Amino acid sequence: MMKNPVIRVISFVILLAIMITMTFSISGQLFKFGAMVIASFTATEAQEKEANDKIVRYADLMIDGILGETAGVFGTSKENEVAFDKLKTQLKELKKTGDIVGIFKLTETAIKQANAFAQEKGIKVDNPSGKIFIESTSNVRLGLRDLKSPAVILNQMGPLCRGLALAFTLACAVFVIKKYIETKIINRGQYLKKMLIYEALIAGVVCVLFPFFWMLCTAFKPSGQELVINASNPFDIVPASPTLNNFRRVLKVDDKAKENMKKFNDPIENKKNFGTYFMNSLLVSTTAAFLVTLFASMGAYVFSKKNLPYKDKIFKVLLMSMMIPGMMFMVPQFFMICKMGLFGTKWAMFLPHLASVFGIFMLKQFMDTIPDSLLEAAQIDGASEWQVFRIVIIPLSLPIILTLFLLTFLSNWSNFLWQLIVTDFENPLSVTLPVGLALFRGQYTSELGLIMSASCFSIVPIAVLFLFAQRYFIEGMTAGAVKE
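Since the model is a prediction, treat every value here as computed from it, not as a measurement. (Residues numbered from 1 in each chain as written. Predicted model: local features only at pLDDT ≥ 70, side-chain atom pairs only at ≥ 80, totals over all residues. Heavy atoms only, no water.)

Of the regular secondary structure elements, the protein chain holds 22 helices and zero strands. Out of the 484 residues in the protein chain, the part that is buried amounts to 39%. For the protein chain, the exposed area adds up to about 28,300 Å²; of that, 66% sits on carbon and sulfur atoms. (Helix = DSSP H or I, 4+ residues; strand = E, 2+ residues; numbered from the N terminus. Buried < 20%, exposed > 50% of the residue type's maximum accessible area, 1.4 Å probe, protein only. Areas by Shrake-Rupley, 256 points an atom, 1.4 Å probe, with all protein chains shown as cover.)

Here it is in structure tokens:
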């Protein structure tokens, strides 16, 4: 079918249109997100609050002053009166919702409309009423222009973001068209198939990464607007009124938290913050991952390379224990932790989980592929048992060992239920990240902005760890998949 030139051209046009739409939409959101981050860091918390308060005051001035007085001073038609009333109603509604950008844009619209109406009536500067009107509108316009608000700055950077997205889209379209023209006619069918595959892969990547992008955007939204959808464009999820208040509150570096610290001066209370929870989780997860990997590698070495009585039967019993649901161990483990006096400590978070049957099984399967002749050669050279394990087994098993380390770290990093059970809430220094995130959720409400901003920090260690260990991780997961 692709040999038909008409069908081939139609297919190319359709794929090109899909590519242009996807590129413009994705790049537009990414450029706007970058502008939002830049705009968010341009003002301190005090400057941001002052700017937002000024916008609201200017809106009040437009409602009560300029729009209200214009009709009285200059007279108005029924049509203009309806338009002014509509503007005043819209401004009042936006004030209730706290939509700073909406107030900003509508105030600018009101100024333009009031000025246009005044010019229609032929205002003269020597007219006292006209002079007051011109000064009032000029002051509001200059005040809005000089505001150091992230919402205003992002609004001003909007045309630049759209221009960059358009330029990038055009560049991609030109590149694709050029490649299509340069491709031999006989190979253009393959080129179109490749285009279709790439577009499908990009769509898949967008679907996979969208939750993370939504999380980042929600973290910058003001309180109470986390679930507000842009009515004009539901696919535009980047907030129009960005703020860093959620991050400041999570890290307790906002003005209110600083005042409380100075007021109460309680060292324990001051440490009840995300930073403490983060460090607790990092310490618990790293220690657990290291110890589990160490014990599992030693156990796997014994089951793989040593001759023990009933070794195979013992290994089968261990594998059978994997079929027992983990929930059945929680009650006895909890009693053991309490009897040992470890309740509410970091040791209780990972001590019951150091024996990993899954880890032993996974490492043993890998170590079975290591030739016994290497171990015999090391022993002939005078290496002790520990030296054979440390110098021969560990380096050769490094991919699977790092894979187990990464999986164990991830498991302990996100282990909410057990850490919740053994946490002593009277001692905030023992709270870990999963439990700390749950503290942002109340009985009737959830601080979605705080949860999302804290989650942005929580994924950093996992992303960094996988970034540096991905080569070993992939190698370890695929080892033994092909039998030669």
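Still more ground to cover, so stick around.
Our next topic: the layout of surface pockets. The volume enclosed by the second largest pocket comes to roughly 760 Å³. Together, 21 residues line the second largest pocket, and Phe329, His353, Ala355, Ser356 and Val357 are the ones closest to its centre. Along the lines of polarity and charge, the residues of the lining of the second largest pocket split into twelve nonpolar, nine polar and no charged. (1 Å grid on protein atoms, 1.4 Å probe; cavity = no way out; pocket = protein on both sides within 12 Å on 5 of 7 lines; lining within 4 Å. Points joined across faces, edges and corners; volume = space filled by probe spheres on them. Nonpolar A, V, L, I, M, F, W, Y, C, P; charged D, E, K, R; others polar.)

Tallying each qualifying case throughout the model produces zero disulfides. Left without a disulfide partner, Cys456 is nearest to the cysteine sulfur of Cys217, which lies 9.3 Å away. (Disulfide = S-S within 2.5 Å.)

One way to put it is that helix α11 (residues 274-305) packs onto helix α18 (residues 398-413) with a least axis distance of 8 Å and a crossing angle of 140 degrees. It follows that α11 is oblique to α18 by the angle criterion. For the crossing formed where α11 meets α18, the hand is right-handed. Side by side, α11 and α18 meet where Phe278, Ser281, Leu282, Ser285, Thr286, Ala288, Ala289, Phe290, Val292, Thr293, Ala296 and Ser297 of the first sit next to Ile401, Leu404, Phe405, Thr408, Phe409, Asn412 and Trp413 of the second. Among the residues forming the contact of α11 with α18, the class breakdown is twelve nonpolar, seven polar and no charged. (Axes fitted to C-alpha atoms, helices over the stretch in contact; angles between N-to-C directions. Parallel < 35°, antiparallel > 145°, perpendicular 65-115°, else oblique. Left-handed = near helix turned anticlockwise from the far one by under 90°. Contact = heavy atoms within 4.5 Å.)

On the surface, Val205, Val208, Leu209, Phe212, Ile459, Val460, Val464, Leu467 and Phe468 cluster together into a nonpolar patch covering about 850 Å² of accessible area. Among the elements of the structure, α7 (188-219) and α22 (460-478) are those that each provide at least two residues to the nonpolar patch. Mapped onto the elements, Val464 comes out in helix α22. (Patch = residues over 30% accessible without salt bridge, like charges linked within 9 Å, V, L, I, M, F, W, Y side chains within 5 Å. Salt bridge = Lys/Arg side-chain N within 4 Å of Asp/Glu carboxyl O.)

A positive phi is found at Tyr310, a non-glycine position, where the angle reads about 60 degrees. Looking at the secondary structure, you find Tyr310 in the loop between α11 and α12 (311-321).

This part covers the nonpolar core. One finds Tyr301, Leu363, Met367, Leu375, Ile393 and Ile400 to be the most contacted residues of the largest nonpolar core, which totals 20 residues. Elements with a contribution of two residues or more to this core: α11, α15 (357-367), α16 (372-380), α17 (385-396) and α18. Core analysis: the second largest hydrophobic core is formed by 19 residues, Ala35, Met157, Cys161 and Cys456 among them. (Core = buried A, V, L, I, M, F, W, Y, C linked by side-chain atoms within 4.5 Å.)

Right, let's get into the pattern of salt bridges. One pass over the structure, following the stated rule, counts four salt bridges. Across the pair Lys306 and Glu385 runs a salt bridge whose closest N-O atoms are separated by 2.6 Å. Note that Lys306 is positioned in the loop between α11 and α12 and Glu385 in helix α17, a separation of 79 residues in sequence. Between Asp368 and Lys364 there is a salt bridge; the shortest N-O distance is 3.0 Å.

With that settled, the discussion passes to the packing of α16 against α17. At their nearest, the axes of α16 and α17 sit 10 Å apart, and the two run at 140 degrees to each other. Considering only the axes of α16 and α17, their crossing is right-handed. Within the contact between the two elements, α16 uses Leu374, Leu375, Ala378 and Gln379 and α17 uses Glu385, Val388, Val392, Ile393 and Leu396.

This part is about the side chain of Ser285. Along the chain, the position of Ser285 falls in helix α11. Judged by its relative accessible area of 0%, Ser285 falls in the buried class. Of note is the side chain of Ser285, whose polar atom sits 2.8 Å from the backbone oxygen of Ser281. Here Trp413 takes part through its backbone nitrogen, which lies 3.3 Å from a polar atom of the side chain of Ser285. Leaving out residues up to four positions away in the same chain, Ser285 has contacts with Phe409, Asn412 and Trp413. (Polar contact = N/O pair within 3.5 Å; in protein donor to acceptor, adjacent residues only side chain to side chain.)

Once that is clear, we can look at the packing of aromatic side chains. Inspection of the entire model under this criterion finds 16 aromatic pairs. Measuring from centroid to centroid gives 5.3 Å for Phe303 and Phe315, while their planes differ by 50 degrees, and the two rings are tilted. Of the two residues, Phe303 sits in helix α11 while Phe315 sits in helix α12, which places them twelve residues apart along the sequence. We classify Phe315 as buried; its relative accessible area is 11%. Relative to Phe350, the ring of Trp347 has its centre 5.6 Å away and its plane inclined at 40 degrees; by these criteria the two rings are tilted. Remark: Phe350 and Trp347 occur in helix α14 (residues 347-350); sequence separation between them is three residues, near one turn of the helix. Within the aromatic cluster, the residues linked to one another by ring pairs are Phe33, Phe213, Phe220, Phe247 and Phe457. The cationic tip of Arg188 hangs over the ring face of Tyr180; the distance from NZ or CZ to the ring centre is 4.8 Å. (Phe/Tyr/Trp six-rings, centres within 6.5 Å; stacked < 30°, edge-to-face > 60°. Lys NZ or Arg CZ within 6 Å of the ring centre and 35° of its normal.)

So, on to the side chain of Ser297. Relative to the elements of secondary structure, Ser297 occurs in helix α11. For Ser297, a relative accessible area of 2% corresponds to the buried category. Within the structure, the side chain of Ser297 is placed 2.9 Å from the backbone oxygen of Thr293, a separation counted as a polar contact.

Right, let's talk about the confidence of the model for the protein chain for a bit. For the protein chain, the average pLDDT comes to 79, and 72% of its residues sit at 70 or higher. Mean pLDDT values over the elements of the protein chain span from 51, in helix α5 (residues 128-145), up to 91, in α7. Every residue in residues 124-132 scores below 50 in pLDDT, and together they form seven contacts with partners more than four places removed in sequence or on other chains. (pLDDT = per-residue confidence, 0-100.)

Moving on, we get to the environment of Pro5. With respect to the secondary-structure elements, Pro5 resides in helix α1 (residues 5-40). A relative accessible area of 46% places Pro5 in the partly exposed class. In this structure, the C-alpha to C-alpha distance between Pro5 and Arg188, residues 183 residues apart in sequence, is 9.7 Å.

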